[in-house]
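One letter stands for each residue in the lines below.
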Amino acid sequence: MIGVAAATLLVTLAASSRSASDPLDAYRRFVATPAATRLLAVARAEMERYWSDAPADSAAAPPDSIADWPAAPVAVYLTLRDGATTRACVGSPAPVRASLEATVKALAVEALRADRRHPVVRREELERVRVVIAFTDEGVLLADPMLVDPGRDGLLVGSPRGHVAFLPGEARTVRWALSRRSAWACSTRAPTTRPTGGSRS
Amino acid sequence: MGVLDPRTNDATYRRLAVVTVTEAERRAPPDDDEDEETSESHP
């Protein structure tokens, strides 16, 4: 088993603008705390537990308690990155569990087996993939997806058939992303009722 | 869980603000006692 040194936790904050009422402000603070590091460890422990016979409560996560939702629950996506490649990505526009930790645990297991665009993740792959947890706001409705800067903003594409989310950096251009259909997007759960407006400027 | 063809005429588009936390790079243990630390970047 390859040893792992957690040398540097890279926290990337990607947002185009911020305001006092920005629902992600608390999450920006959260990702700079040890609790966010532990949340990543919880995700990894849950994935390792998936292949073991250990009961759910025995996942080898750090013992410190985790602060739950830093603010009102938001959309959460969990990505497994293999180098520059998205190995798997799942998420939901709405929280899938009551607590942040439970949401991340559920997404961690889904990432292994439920991203239909990729083969299931093999146990040995866990050694080299990196876990990325993304929090997003409800978004601002756009008439033209080309208005999105794919290097900085996320893009949620919805239709009666479902939703896909492109997270920052996953697509070089929106046109390229759409031409690739959902190949680089996060698999999402069924659409939820969402307001049609947006206050972010 | 649904995957759609985003070229459909009834597609809607939302620009999302995103905050991410990324696991440290997976690599062999270094020689020193370097431990986890947190850094931020603002692209």
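Residues numbered from 1 in each chain as written. Chains lettered and ligands numbered in written order. Predicted model: local features only at pLDDT ≥ 70, side-chain atom pairs only at ≥ 80, totals over all residues.

Looking only at helices and strands, one finds four helices and eight strands in chain A. Ordering the α and β elements of chain A from the N terminus gives β-α-α-β-β-α-β-β-β-β-α-β. When the 201 residues of chain A are sorted by exposure, 43% land in the buried category. In chain A, once contacts between residues fewer than 6 apart in sequence are set aside, the share between residues at least 24 apart is 64%. (Helix = DSSP H or I, 4+ residues; strand = E, 2+ residues; numbered from the N terminus. Buried ≥ 20, exposed ≤ 12 C-beta atoms within 10 Å, placed from the backbone. Contact = placed C-beta atoms within 7 Å.)

Residue and element names in this part refer to chain A. Look at helix 2 (residues 34–50) against helix 3 (residues 100–113): their axes get within 8 Å of each other, and the N-to-C directions meet at 45°. One finds that helix 2 runs oblique with respect to helix 3. Read as a crossing pair, helix 2 and helix 3 show a hand that is right-handed. Of helix 3, the residues touching helix 2 (which contributes Leu39, Val42, Ala43, Glu46, Met47 and Tyr50) are Glu101, Val104, Lys105, Ala108, Val109 and Leu112. For the contact of helix 2 with helix 3, a count of residues per class yields nine nonpolar, no polar and three charged. (Axes fitted to C-alpha atoms, helices over the stretch in contact; angles between N-to-C directions. Parallel < 35°, antiparallel > 145°, perpendicular 65-115°, else oblique. Left-handed = near helix turned anticlockwise from the far one by under 90°. Nonpolar A, V, L, I, M, F, W, Y, C, P; charged D, E, K, R; others polar.)

Turning next to the environment of Ala84 of chain A. All names here are of chain A. Within the fold, Ala84 resides in the loop between strand 2 (75–82) and strand 3 (85–92). Note on Ala84: 6 C-beta atoms within 10 Å, which makes it exposed. Linking Ala84 and Val96, residues twelve residues apart in sequence, is a C-alpha distance of 27 Å.

Ranked by internal contacts, the top residues of the largest apolar core, which has 48 residues, are Ala43, Val76, Leu78, Val104 and Ile133 of chain A. What Val104 of chain A contacts, discounting residues up to four positions off in sequence, is Leu39, Val42, Ala43, Val76, Leu78 and Ile133 of chain A. (Core = buried A, V, L, I, M, F, W, Y, C linked by C-beta atoms within 7 Å.)

Turning our attention to the environment of His163 of chain A. For His163 of chain A, the position within the fold is in strand 7 (residues 162–166). Separated by 78 residues in the primary sequence, His163 of chain A and Thr85 of chain A have C-alpha atoms spaced 21 Å apart.

Every α-helical turn comprises 3.6 residues, leaving residues that sit three or four positions apart pointing alike. The end-to-end C-alpha distance of helix 2 of chain A is 24 Å, a good match for the 24 Å that 17 residues give at a rise of 1.5 Å each. Within helix 2 of chain A the residues assigned to the buried category are Ala36, Thr37, Leu39, Leu40, Ala41, Val42, Ala43, Arg44, Glu46, Met47 and Arg49 of chain A. (Expected span 1.5 Å × (residues − 1).)

Further remarks concern helix 3 of chain A. Residues and elements named next belong to chain A. The end-to-end C-alpha distance of helix 3, which contains 14 residues, comes to 21 Å, matching closely the 20 Å that a straight helix rising 1.5 Å per residue would cover. Counting buried positions along helix 3 yields ten of 14 residues, so the element is predominantly enclosed. Along helix 3, the residues that are buried comprise Leu100, Glu101, Thr103, Val104, Lys105, Leu107, Ala108, Glu110, Ala111 and Leu112. Considering only its buried residues, helix 3 is in contact with helix 2, strand 2, strand 3 and strand 4 (130–136).

For the rest of this paragraph, the subject is the pairing of strand 4 of chain A. Where burial is concerned, most of strand 4 of chain A is hidden: six out of the seven residues are buried. Summarising the sheet, strand 2 of chain A and strand 4 of chain A pair through seven bridges and their orientation is antiparallel. Residue Ala75 of chain A lies in a different strand from strand 4 of chain A, and its bridge partner there is Thr136 of chain A. Two strands pair when backbone bridges link them, and strand 4 of chain A and strand 2 (residues 18–22) of chain B are joined in this way by five bridges, in the antiparallel orientation. Counterpart to Ala134 of chain A in the pairing with strand 2 of chain B is Thr20 of chain B. (Pairing = 2+ DSSP bridges.)

All names here are of chain A. Mean pLDDT over chain A: 77, with 70% of residues reaching 70 or higher. Ranking the elements of chain A by mean pLDDT puts strand 1 (residues 9–14) last with 40 and helix 1 (residues 25–30) first with 96. In the model, residues 1–18 has pLDDT below 50 throughout and makes 57 contacts with residues more than four positions away in sequence or in other chains. Low confidence marks residues 190–201, where pLDDT is under 50. Its contacts with residues over four positions away, or in another chain, come to 23 contacts. (pLDDT = per-residue confidence, 0-100.)

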